[in-house]
Structure formats: structure tokens, C-alpha cells
Amino acid sequence: MMKRRDSIKTMILGSIGASMTLKSCITSEDKIVLDQVWKYSYGRTQDELKWDYKVLTGKFFSETELLTIEKIANIILPPNNYGSIKDAGVVELFEIIAKDFSTPAHNEYGEKVLRRGLIVFNELSNALYNKDIIECSEKEIKSIFDDIAFNDNEDDHLQEAIRLFAVYRGMVLTGYFTSEIGIKDLGYKGNTPNVWDGVPEEILKDYSVSYDQEWISRCVDQSKRNDIAEWDEDGNLLT
Amino acid sequence: MEIIKSKKEYDVIVVGSGAGGGMATKILSDAGINVALVESGPYFDPANPDQQTQLKWPWESPRRGAGTNRAFGDFHMSYGDWSLDGEPYSSVEGTDFKWWRSRMLGGRTNHWGRISLRFGPRDFKSKDFDGLGENWPISYDDIKPYYDKLDKLVGVYGTKENMFNEPDGFFLPPPKPRLHELFYIKGARKSNVKVMPSRLSVLTKRINNERGICFYCGQCDRSCSVYGDFSSSSCLVIPSLKGGMVDLYVNSMVNEVITDKNGRATGVSFINKENGKDYKIKGKIVVLAASACATARILLNSKSNAHPNGLGNSSNLIGKYLHDSTGAGRGVFIPELINRKIYNEDGVGGMHVYSPWWLDNRKLDFPRGYHIEVGGGMTLPQYGIGWNPNDFNKFFGLRTGGYGDSLREDVKKYYGSTVYLSGRGEAIPLKENYCEIDPESKDKYGVPVLRFRYKWSDYEYKQAKHMHDTFEEIAYNMGGIPLGSKPTKEDNYGISVPGEIIHEVGTTRMGNDPKTSVVNKYERLHDVDNVYIVDAAPFVSQADKNPTWTIMALSWRTSEHIINELKRQNV
């Protein structure tokens, strides 16, 4: 009986303080691999950590494929003073997404789309230059992209390549603009504690818009935000 | 099979820790009542660094926040979405329903939009106005005192507007509009659409010394680590645990309400998800708050000699009248907003302005209204940004696609130039729309699962059509270009799949007549005098308001009723 009561007790508040680290559910051999790849800490559940571990430790693309992706990505978005595609982790993202979007629910994206892209791009470079993309010069690759990078090319034979190129372009840009350097490049200013007190005056002027006085007279007075709210019985704020 | 029983008898067992269960737990335990709170998911506290996603950057997720694991992206704070491994559900052929389940302390209140609207006088008596659906057995006056107390306890910003069906409350002051919201105000007014400050349960001003105030990161959907927004776990359950009257059971999935030979509830049985074992705990009163469909499932699975077709189901109405809010949306490109000067406009986690229902349905070809929500701005980049970097070139007669440095400039050029308009409307509850036990399927714990049958009627399609006509008019009036094409009849006017808006209600509706309703006006089963339901299952109709505020006000009212019953020893 004592034992049964104990097991009920463990459920009560069972998970408080339970540290949810991936390290508690893996073997010591795994740990060596894990320490190399694990740099993410973003509030995962146990099940999510297990999935992440699978995604981060498996291998989808070959070295040649990854080098090809890097070469393509650098032409889609060349480096600038903020950094390069490599600095933005874009090649790594291709590898992760290929494994992450690998279930039937995600339509085997890695195989059917990302790897398929490399196959199709290599077919095009072989037809034109008799070699794979990885062997091509930047100029040769650009000549291939000129045919498949724009949405107005109606050549039937190129439609699959155009669709796949759009995915590659999307992956490269989304990877870049969700990276630390890409967000700096974009200039995004938020994701940090601050006090919103309306659109800056000069911006309002730029757009010839203004705040309706009646509207903003009822908005929060940020100098009184720390005063505890009190109301009269009709709901008028007193503080 | 081993079943582990506890000797202790609780005064009240509360099943589920979301809006309704959290409120019941607080009110009951504050009154010195002994409560067992049974939650199917893990403990959750957004202040716990191991669980926190607030203020994370996209690169802190290996997939840059993509939605592989969580439907709304890696940082979204819901454990569980429209699908859960090993816990299936199905729909009758030719129909579709998507069932959202958040399995965690606080449930869906950790991810919701914090839109906190009172139902108005008309919303409780809609049948009097259009002859459709059913009236509630209570009126606005019955619930008003609880809305008032709720505003003060939990906090909601807004403004007094003196509109008949959008009752005012005890509001904190709203934040000033963002730039794209000023464009919306301009466009909406030109279209004669009412527009006013939104009403969100976000603390723009301090309400007590236990909770922090909003620091404008725009991430309420990640659940606030300083409790600057409302979630049941942060603001009701965790504080209640400190009072010593609550035993919290986590990862404990209730599958049945246990009854004695007379059919009265004596407790609940649940499965501990960590060890797979079955447990029973005893209580004088059982309060269900597992969410509308999960509560219906528990009741329908609680069969006994006294209740052969499910607990409290003599009316055969459990699961019936299931309904969700309608939804439709349209993106709008604002050419004037290209090449923006960048400043921090994260604001609160949601809109600063919105449009309540502004028309008279007697002059329209559909019976119930909708409100319009506004999204947009220079938001935190997530997986997907830049995917079609220069699609809007087509509006300027320029080529789309390409490669090279110009793409970088295109992404910057169009960043923050899109506004998104969403309608959320009231559907007519129908008996033909329901959930029921699927005789063929069980979940991984061996418990029978739900099967849904839900179809919109012409009322909802016509309403969605009206939404799209309105979006287009407002889009042009704000100087914008509506994106894509307007959905037609063949596209079902772009209406959401039932369940997608995550406002499902109505499965144990409230009424005075036990033949046509499942619970009475205090949310107690007509058939069993010690089982109450405080989630959205008792809703007679889901107004064009978000349901949370009404779930909580009703739960508070029911909890006071339970306290009185216990005092009078009626239970």
C-alpha cells in the first residue's frame, strides 16, 4: 500500500523542476556525436528532443552534394559585408530540413524536392557542359540559372527545374534572413524588451498620417504603467 | 489489470487545467476546498528556462522555427496541435473536422491570441432575433458580475465604446496603433466599418505585484515568462498551488468518470502516461474541463448500468451541436509601405485595433455576424521569410524570380508591406454536427476515440462570402492590393475547415429542459447532481467573440455555485 501511495505522489507535481535535457535520454556513445552538433536550446519537450536528435545526428546529403548546395547558394545570394551563406548556416539548414521534412506528412521533401533539385540541376549542366554543377565555373552555372530562375520562362522542358530552383532560392533566402547575420542585414529591431509608445513622429510625417487625438487620449500613459490599476464602479480607470 | 486506488477523497476533482479548469481550481481552492487537478500533459511554466521559447531567435531552432513539430512553428507554445501521435480521430466520409489538443498545464491558454471579448446581451438570446439555434437559459445580466470580476482579476485592455452587443468592462488602457493599423483604420472607416482598440488580456498596466507588465515583444503565442499575458497556468493554477489546497496530477489522462450503483459520480480513473498504469481517485464532485470534445469523449466513454449510453446522456445530445467559429482571411499588399524605415513595432502579441460586428443581419442574407482581426508589420523573421522574395514585382510590371544580390534588396524592399485581414464569425449550431465515439478505433492507451461529422451550412458560406467582399473593399480603401484571387462558391468562399479556428464549443449544451440540453444553467449535468462541466462544452452558441472570457466567467459562476452547495451539504 505504501508503494502505491508513493507512485501516486510522483504524479502530483511530478514534473516540477525536472530538467528536460536531451542528454538524460541518450547513451554515452551518442553523447560524443551529440556534443558536436548540439548547440540548440529552445524549450523542447522530451519527444521533440528525441526527434531533434535524430535530425541532427543523421546524414542525408553526401559531401559532394553539400558542396554543390554551397556553390549554388553562393550564387543565389553572394556574400556581402554582413557575411556569407556559410556564415548564415544555410548549407547546414538544407541538411537539417531534408531530414526534418522527411515524413510522409511532409511529402518526403528531402528526397523528392531537395535531392531531386540537385539531380535536375546536374542534368542541365551535363547537357550543356558535359559536367556536374560542382565542376562548372560560376559563369557556366549562371548561364543555367538564367534559364530556370525566372518565372516567365514557359519552356515545357524546364518547368520542373524552374519549380525546383524556386525552392532552392526560397531555402537560401529564408535560411539567410533567419540567421543572425541575415537579421542584422535586414535591420529588424525587435525581439527585445521595450516600451511601445506609438509610431515615431518622423515616420508618421513620412506617410502623412497622424494619430486621432480622441483615440490616443485613451491609450496607455507609459509613465503610469507601473501604477496598479484601480477603477471606479463604472469602469473608469483612476490610476 | 492493476488499478491503483488512492484512499483520499477530494472535495472536488477538476479534469483539465485550461481556462475553465484553472478558474475552477482557483475559486474553489481559495474558498478552502480540497481540489485534485488532473492534467493530461506535463507541468508547464513559461518562466522555466527549459521550457521557455519567448525571446528566442529563429536561428536558435535547428529548423529556424519551421512547423514540423508544432503546427504554428517551433516557438509556438502548445504541446500538441491538430494531430497527436497515437491519439487519432476521424471524420465521417464527406465531412472534415480538425481537433486541436494542447496537452500541458494551462492548455490552450498558453498559445491563444488573448482576444478577450464579452458575449453581449444579444449573444445569449440570438433565437429571439432570428429564430435560429437556441437561446441560452441565462442572460447577459446573469454573467455580467463575473465578467467584471474577471477583468479585474486577470486584466484586459480596451476602451469603453457603449455598444449594445459589445459590452464594456474594467479595462486597462490599450496600446497605440501601429503604422499598418493606421492604414487599416483609414480603410475601414472609408468602408463604413467600425474600428476600435482591440481587447486583449495583456497587461499594459500593472494589476498586482505578482505579475509583470507587458514589455512589447509581440510573442504572447509563446506564453509570457513574466506573466504579462494571461494563461491559466501562469495566472490561476501556479498561484493556486501555493495555497496548499490543490494536488496537481500531471501527465494523467482521465478516461472515465467513475459512478456508484445509483449513477452518482465517485471519482475519476486516469492513465499515468509516464508508466502506463491505471489509477483511480475519489471525489465528492467531479468538474470536467478537458475541452469541449475531450469532455464529451470522457462522458460518452463513462458507461454504466445507470448511464448505458454515457454519463449524463439521457438526452442523447452529448457531442451534438458541436460548432466552431467560422474563419476566412485575405492578405493585402500596401505599395505605400515598401522600403520602410525600420524601427521596433513588435507591440503586444496581437492586434492593437480591430473591428467588432458593425452591421444589422436583418438587412443581410446571413443571420450572424463576424469581427475582423488585423495582422502585419515588421515582425520577427521566421522560417518562410524571403521564400518568394519579389512576388510583388508583378504589381510594378517587373520580372519575378531571378538570383543574385538583387534578391537581398527585394526582401528588404517588401518587408513589412503586407497586412492580413481575418474574419471570425458565428455559426448556427446544428444537431447534425457532432462528435461521437468511433466504434472501430482506440488510442494508444486503449481508450475509444472520437469520430466527427461536421458540415457548414449556407448561413456560414454566405457569411464567408460577405467577409471576402468586405476584405476586398477595405483593402482598396487602405490603398492596398488584395493578394491572390477572391475565393468563389467553388472554393467554398475560402471558409476555414471546422475546427481550424480552435473555438469549438457546444457538445454538452446548457438549457432548462433535460430533454433538449445536457447541463443546467449552473453547468451541472441534468442527470447527475455532482458532475459539472466548465469548459466550452456547455455553450449554447459561440458568438462572433472568442470563447475564453465566457468560459472563465461561467466557470467562476459555477464554482461559486459548487461552494454554496458544499456549504449547504447538498452534495
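Residues numbered from 1 in each chain as written. Chains lettered and ligands numbered in written order. Predicted model: local features only at pLDDT ≥ 70, side-chain atom pairs only at ≥ 80, totals over all residues.

I tried to follow the overall build of chain B on my own but got confused; where do I start?
Counting its secondary structure elements, chain B contains nine helices and 16 strands. Computed over C-alpha atoms, the radius of gyration of chain B comes to 24 Å, within 12% of the 25 Å expected from 2.2 N^0.38 for 571 residues, which places it in the range of a compact globule. Looking at chain B residue by residue over its 571 residues, the buried ones come to 61%. (Helix = DSSP H or I, 4+ residues; strand = E, 2+ residues; numbered from the N terminus. Rg over C-alpha atoms; globule rule 2.2 N^0.38 Å. Buried ≥ 20, exposed ≤ 12 C-beta atoms within 10 Å, placed from the backbone.)

Looking at this structure, I do not really get the overall build of chain A. What am I missing?
For chain A, the count of helices and strands is eleven helices and zero strands. Along chain A, helices and strands appear, N-terminal first, in the series α-α-α-α-α-α-α-α-α-α-α. The 239 residues of chain A split such that 30% are buried. By sequence separation, contacts in chain A at least 24 residues apart represent 53% of the contacts at least 6 residues apart. (Contact = placed C-beta atoms within 7 Å.)

Would you explain the interface of chain B and chain A in this entry?
It is common to give the size of an interface as the accessible area lost on bringing the parts into contact. Between chain B and chain A, the residue contacts involve 85 residues of the former and 78 residues of the latter. Elements with a minimum of two residues in the side of chain B that touches chain A: β1 (3–15), α4 (179–190), β5 (246–249) and α7 (405–414) of chain B. Tallied by class, residues from the side of chain B that touches chain A come to 39 nonpolar, 26 polar and 20 charged. (Nonpolar A, V, L, I, M, F, W, Y, C, P; charged D, E, K, R; others polar.)

When you look at the confidence of the model for chain A in this model, what are you seeing that I'm missing?
Interpretation of the predicted coordinates at a detailed level should be avoided for regions scoring low in pLDDT. All names here are of chain A. Looking at chain A as a whole, its pLDDT mean stands at 88, while 84% of the residues score no less than 70. Note that pLDDT drops below 50 for residues 1–6; the model gives that stretch one contact with residues more than four away or on any other chain. Scored below 50 in pLDDT, residues 13–23 shows 16 contacts in the model against residues more than four places distant or in partner chains. (pLDDT = per-residue confidence, 0-100.)

Mind showing me how you'd approach the confidence of the model for chain B here?
With 99% of its residues at a pLDDT of 70 or more, chain B has an overall mean of 97. Scored by ipTM, the complex comes to 0.95, with pTM at 0.95.

Would you mind showing me how to read the packing of helix α3 (residues 140–154) of chain B against helix α9 (residues 548–567) of chain B here?
Packed helix pairs are specified by the crossing angle of their axes together with the interaxial distance, meaning the distance between the axes. Residue and element names in this part refer to chain B. Put simply, α3 and α9 touch, their axes get as near as 9 Å, and they point 110 degrees apart. Here α3 lies roughly perpendicular to α9, going by the angle between them. Where α3 approaches α9, its residues Ile143, Tyr146, Tyr147, Lys149 and Leu150 are matched on the opposing element by Trp549, Met552, Ala553, Leu554, Trp556 and Arg557. Per-class residue counts for the contact of α3 with α9 are nine nonpolar, no polar and two charged. (Axes fitted to C-alpha atoms, helices over the stretch in contact; angles between N-to-C directions. Parallel < 35°, antiparallel > 145°, perpendicular 65-115°, else oblique.)

Honestly, the environment of B:Arg340 in this entry has me stumped. Any pointers?
Residues and elements named next belong to chain B. Considering the arrangement of structural elements, one finds Arg340 in the loop between β9 (326–333) and β10 (353–355). Arg340 sits in the buried class, given 22 other C-beta atoms within 10 Å. It is 51 Å that separates the C-alpha atoms of Arg340 and Ile138, two residues lying 202 residues apart in sequence. Sequence-distant contacts of Arg340, defined by excluding residues within four places in its chain, comprise Met378, Tyr415 and Gly416.

Can you walk me through the packing of helix α4 (residues 63–76) of chain A against helix α8 (residues 159–177) of chain A in this structure?
Residue and element names in this part refer to chain A. Where α4 meets α8, the closest approach of the two axes is 10 Å, and the angle between their N-to-C directions is 80 degrees. With respect to α8, the axis of α4 lies roughly perpendicular. Between α4 and α8, the contacting residues are Ile72, Ala73 and Ile76 on the first element and Tyr168, Arg169 and Val172 on the second. Split by residue class, the contact of α4 with α8 holds five nonpolar, no polar and one charged.

Explain the sheet that holds β9(B) here, please?
Hydrogen bonds between backbone groups are what pair the strands of a sheet, and the pairing can be parallel or antiparallel. Residues and elements named next belong to chain B. Taking strand neighbours across the sheet as the criterion, the six strands line up as β4-β10-β11-β12-β9-β15 in an open arrangement whose pairing is antiparallel. Edge positions in the open sheet fall to β4 (196–197) and β15 (481–482), since each of these has one partner strand only. As judged from the two bridges shared by β10 and strand β11 (residues 370–376), these two strands associate in the antiparallel manner. Counterpart to Ser355 in the pairing with β11 is Ile372. The strands touched by α4 are β10, β11 and β12 (418–425); relative to β10, the strand with the most contacts, the crossing angle is about 25 degrees. (Pairing = 2+ DSSP bridges.)

I keep staring at the pairing of strand β7 (residues 265–272) of chain B and nothing clicks. Help me out?
Successive side chains on a regular strand alternate, one facing one side of the sheet and the next facing the other. Residue and element names in this part refer to chain B. Counting buried residues along β7, six of its eight residues qualify, which places the element largely inside the surrounding structure. Linking two consecutive strands that pair antiparallel, namely strand β6 (residues 252–259) and β7, is a turn of five residues; a positive phi of about 90 degrees is found at Gly263 within it. The sheet contact formed by β7 and strand β8 (residues 278–288) spans five bridges and is antiparallel. Note that in β8 the partner of Ser269 across the bridge is Lys280. Count of turn residues in the β7/β8 antiparallel hairpin: five residues, of which Gly276 carries a positive phi of about 75 degrees.

Would you take a moment to explain the nonpolar core for this structure?
In summary, soluble globular proteins display a tendency toward joint burial of nonpolar side chains. In terms of nonpolar packing, the biggest core is built from 119 residues, with B:Val12, B:Ile13, B:Val14, B:Val15, B:Val38 and B:Val287 touching the most fellow members. Excluding residues that lie within four positions of it along the chain, B:Val287 makes contacts with B:Val12, B:Ile13, B:Val14, B:Val15, B:Ala24, B:Tyr532 and B:Val534. Membership of the second largest hydrophobic core comes to 50 residues, among which are A:Ala88, A:Ile141, A:Phe145 and A:Phe165. (Core = buried A, V, L, I, M, F, W, Y, C linked by C-beta atoms within 7 Å.)

Is there a simple way to explain the environment of A:Tyr129 in this structure?
Mapped onto the elements of the fold, A:Tyr129 is located in helix α6 (residues 109–129). Considered as a pair, A:Tyr129 and A:Glu154 are 25 residues apart in the sequence and their alpha carbons are 23 Å apart.

I would appreciate a short explanation of the sheet that holds strand β14 (residues 448–453) of chain B in the present structure.
Residue and element names in this part refer to chain B. Pairing is mixed across the open sheet formed by three strands, whose spatial order is β3-β14-β13. The two strands at the open ends of the sheet, each matched to only one other strand, are β3 (90–91) and β13 (434–442). The sheet contact formed by β3 and β14 spans two bridges and is parallel. Opposite Ser90, over in β14, you have Arg451 as the bridge partner.

Any chance you could explain the pairing of β9(B) here in plain terms?
Residues and elements named next belong to chain B. Bridging between β9 and β12 involves eight bridges; their strand directions are antiparallel. Of the residues in β12, the one forming a bridge with Gly329 is Ser422. The pairing of β9 with β15 spans two bridges and is antiparallel. Each bridged residue has a counterpart across the sheet, and for Val332 the counterpart in β15 is Pro482.

Sorry, what's going on with α4(A) here?
Since one α-helical turn is 3.6 residues long, residues separated by three or four positions face the same way. All names here are of chain A. Helix length check: α4, at 14 residues, gives a terminal C-alpha distance of 20 Å against a target of 20 Å (1.5 Å per residue), a fit within 8%. Among the residues of α4, Glu65, Thr68, Ile69, Ile72, Ala73 and Ile76 are the ones counted as buried. Along the long axis of α4, the arc covered by the buried residues comes to 130 degrees, so they all point the same way. Relative to its buried face, α4 has exposed residues pointing more than 90 degrees away, namely Glu63 and Thr64. (Expected span 1.5 Å × (residues − 1). Arc of directions from axis to C-beta.)

Help me understand unusual backbone geometry in this model?
Among all residues except glycine, the phi angle is most often negative; among peptide bonds, the trans geometry is most common. Residues and elements named next belong to chain B. At Arg114, a residue that is not glycine, the phi angle is positive and equals roughly 60 degrees. Residue position: Arg114 is located in the loop between β3 and α2 (126–130). What makes Arg114 buried here is the crowd of 24 C-beta atoms within 10 Å.

What is the right way to look at helix α5 (residues 232–241) of chain B in this model?
When you tally the buried positions in α5(B), you get eight out of ten residues, the bulk of the element. Contacts from the buried residues of α5(B) go to α1 (19–30), β2 (35–38), α3 and β5 of chain B.

Would you mind going over the environment of B:Val353 with me for this structure?
All names here are of chain B. Counting through the fold element by element, Val353 comes out in strand β10. Exposure remark for Val353: the 23 C-beta atoms within 10 Å place this residue in the buried category. Put simply, Val353 and Leu421 are 68 residues apart on the chain and 12 Å apart in space, counted from C-alpha to C-alpha. In contact with Val353, other than residues within four places in its own chain, are Pro177, Glu181, Tyr184, Ile185, Val195, Met196, Pro197, Ser198 and Val374.

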